[in-house]
Amino acid sequence: MKPLVTLERHGDVAVILIDNPPVNALSIPLRRELLEAVQEVQADKVLRGAVIACAGRTFIAGADIREFDAPPPEVTTGTVNAAIEAGTKPFVAALHGTALGGGFELALACHARIMAPDGRVGLPESRIGLIPGAGGTQRAPRLAGALAALDLVTTGRHVPADEALKLGLVDEIATDPLRQAIERARALAANGTLPRARDRAVPDMVSAETRAAFEAAVATASRRARGAIAPVKAAEAVGWAIDLSFDEGVERERLASLDLRTGPQSRALRYLFHAERVAARLPPGAGHDARPWPVQHCGVVGGGTMGSGIAIALADAGLEVTLVEASAEAARAAESRIGLVYERQVKSGRLAEDMLEERMGRIRFATDLDALAEAALVVEAVVEDLAVKLDVFRRLSARVRRDCVLASNTSYLDINLVADVVDAPERVLGLHFFSPAHVMKLLEIVRGGRTVPEALATALALARRIGKVPVIAGVCEGFIGNRMFSSWRQQCDFLLEEGATPQEVDAALEAYGFAMGPYAVADLAGLDIGWATRKRLAPKRDKRARYVPIADWICELGRFGQKTGAGYYRHGNGTREVDPVVTALVERASVEKGIVRRAVPQAEIVERVHAAMVNEAARILGEGIAQRPSDVDVVLVNGYGYPSWRGGPMHEADAIGVAEMLRRIAAIHASDGVGWEPAPLLQEMVNSGRSFADLNL
Ligand code: T1G
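Residues numbered from 1 in each chain as written. Predicted model: local features only at pLDDT ≥ 70, side-chain atom pairs only at ≥ 80, totals over all residues. Heavy atoms only, no water.

J.: Outline the site of the ligand, supporting the account with residue identities and numerical values.
T.: Close to the ligand lie 25 residues; Arg 57, Ala 63, Glu 105, Gly 133 and Arg 277 are nearest. The side chain of Arg 57 places a nitrogen or oxygen atom 2.3 Å from an oxygen atom of the ligand. One nitrogen or oxygen atom from the main chain of Ile 65 is found 3.0 Å from a nitrogen atom belonging to the ligand. The protein chains hide 77% of the 990 Å² of surface that the ligand would expose on its own. Residue composition of the shell around the ligand, by class: 12 nonpolar, five polar and eight charged. (Near = heavy atom within 4 Å. Polar contact = N/O pair within 3.5 Å; in protein donor to acceptor, adjacent residues only side chain to side chain. Areas by Shrake-Rupley, 256 points an atom, 1.4 Å probe, with all protein chains shown as cover. Nonpolar A, V, L, I, M, F, W, Y, C, P; charged D, E, K, R; others polar.)

Written out as structure tokens, the structure is:
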């Protein structure tokens, strides 16, 4: 077995080199070898110091997530850190790539940190339901201050090199961090200094005012957690760095991290971490090892809200983008729309001012599809009208390369109809972005009947490159996400007729962990889109099915949500208010159905919404539209605000039990009739004793 850790001698400084692809995760054997190397350096008569570095794409990206269900090992990252700090020789970390979690905690225990200019550091443990367990919540505040450390451990964000240097988390940025780290170790040994984070006081907790600012920041972080435990615990741990001795703080942190590791929230978040990576792989079977076609120049047809957002997402990833609009005026409107987004990013500090021109320069604007002649991939994002879309694809097909991937951003169009009108139908697929396209993580990749694996591989590679979370969907009305949303939104409307109000439904789901309830989301997105869909589908709707007209009545009043100042709510200066007009419409719906309104408990709202999700998902799985239940969870969490610390509706259905889910859905069918029949898959699963987790394997 190749060693995971080697020790190279560079004169009187050792380089401890870690090599554990793909991300040098701290596994049990690696930590054991690392501790032995540290002890060897400390015992060696010649060596005066050491550097810890990694081979491959990144410094240690954290503890090995796959080991978290096993009992805690005897050699933890904290053990290695303590050995480094207890010694009399300087250890310097050479950081590149993403030094995260236990990896960055190891670096913080070193006496200095040298970082590559394009490197990033972070303590993202809260994103998998944990808190740093190897001193990160105790050393980071001592180096960067409590407020900065609080931000890092509660958001889990990655910190770029220049910010890490400014915060004091690293000591130097160098294009050759290894060479510079060797020099730094030699210099520290020469002047006999051993700077240790643990010896410092937290620099910014110096007065009642700063402590009050810290407490206020803790309260904000807790509010933003919306039911997630880890960020709240991480904030508390930073407080230990202020109030307790280092050793007391480290011990409390270790125990808290171990406690969270066995809890349901961390299990759910680790499940999602794995699920997102499984979803991003090519489907098993024929062509599962297909290679993606190279993509550098992308086209976008249509510069409205979606097209502009897609162009930004592509440009932000360093791709060349040509956006084609129907007229010079429309192209100018798209350019100003995109410019506004970047100007807002400059104002908020997310984009450096001197980067604005360069970023805008990545997007060219044109009015002729000939401008896409050399594009490797084109995303159509014109109006959701079948005839218009098919005309665009007919004209595109005559102008672009035969191997150019042709994608539609449609939220419902049958991709096979597009494939019918182009030559080379094998390169046609759907790329369903979620608004705002440059922000929302989810990307549904819709696979047509003739889409070849190479085209899928190209779309998956593009998703990864632009930082999206891809899920492959088959062709049906609404693919995976919108089809499920349509189903559970109907249950919400039924609840309105039975006695709930829009604000009560929203409050119940927001208490459950959703960032925003469905009616508030509808007002944000615009009610006219759903209205147009309902009118389009009306001829096909089963007249026996229960139908709630409240949304139609609201739209008939010209109330389309925030964009018109009123929808389910009345909107003004960033607030939403209950509107008696809507309350009256809701009550009218009950009267017209002869329903005596009743108080609807929050638990019932959540239970019925969840059951509707699971039943529609079971149908989607049974039809092969989604490959596995965990893909459905990835869609709901990344595209619809389902609380990630719950894992997703399918993960939660397993905790409730499939038989109980079937019972709940059967009860809904008994009360709500046609369209609410339990999915056949559920009975099959009960008969075979299989869980949704079993279907993921
Ligand atoms: N453990 C095990 N495997 C990991 C891993 C980890 N920490 N991180 C990534 N992988 C695998 C991943 O499953 C995939 O495998 C491959 O590496 C490439 O990952 C003690 C307790 C580092 C930014 O939370 O954020 O330290 O699917 O596809 O998009 O206090 O991976 O190919 O078989 O994501 O370039 C803290 C989690 C752990 C970092 C790279 N660390 N990882 O992103 O590649 S807890 C994290 C990431 C901890 C300490 C605590 C990302 C990345 P496969 P990828 P990427």
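J.: So, the side chain of Lys 89: which residues are in play, and what are the values?
T.: Tracing the backbone through its elements, the reader meets Lys 89 in the loop between α2 (77-86) and β4 (91-95). Buried charge without a partner: Lys 89 forms no salt bridge, and the closest opposite charge is Asp 44, 5.3 Å away. Polar contacts involving the side chain of Lys 89 include one to the main-chain carbonyl oxygen of Val 41, which spans 2.8 Å. There is a polar contact of 2.5 Å between the side chain of Lys 89 and the backbone oxygen of Asp 44. Setting aside chain neighbours within four positions, we find Lys 89 in contact with Val 41, Gln 42, Asp 44, Leu 47, Arg 48, Gly 49, His 111 and Leu 194. (Helix = DSSP H or I, 4+ residues; strand = E, 2+ residues; numbered from the N terminus. Buried < 20%, exposed > 50% of the residue type's maximum accessible area, 1.4 Å probe, protein only. Lys, Arg positive; Asp, Glu negative; His and termini not counted. Salt bridge = Lys/Arg side-chain N within 4 Å of Asp/Glu carboxyl O. Contact = heavy atoms within 4.5 Å.)

J.: Can you explain the pattern of salt bridges? Please cite residues and give values.
T.: Side chains that differ in charge, positive against negative, can pair when their charged atoms come close. Within this structure, the stated rule accounts for 61 salt bridges. With its nearest N and O atoms 2.7 Å apart, the salt bridge here joins Glu 604 to Arg 598. Among the residues examined, Arg 598 registers a relative accessible area of 35% and is labelled partly exposed. In the salt-bridge network here, residues are joined through shared partners; they are Glu 497, Glu 498, Arg 546, Lys 593, Arg 598, Glu 604, Arg 608 and Asp 672.

J.: Tell me about the sheet that holds strand β8 (residues 159-160), residues and numbers included.
T.: Strand order in this open sheet of three strands is β5-β7-β8, and the pairing throughout is mixed. On the outer flanks of this sheet lie β5 (98-100) and β8, each paired with one strand and no other. By the bridge criterion, two bridges tie strand β7 (residues 120-122) to β8 in an arrangement that is antiparallel. When the sheet's bridge partners are listed, Val 121 is paired in β8 with Val 159. (Pairing = 2+ DSSP bridges.)

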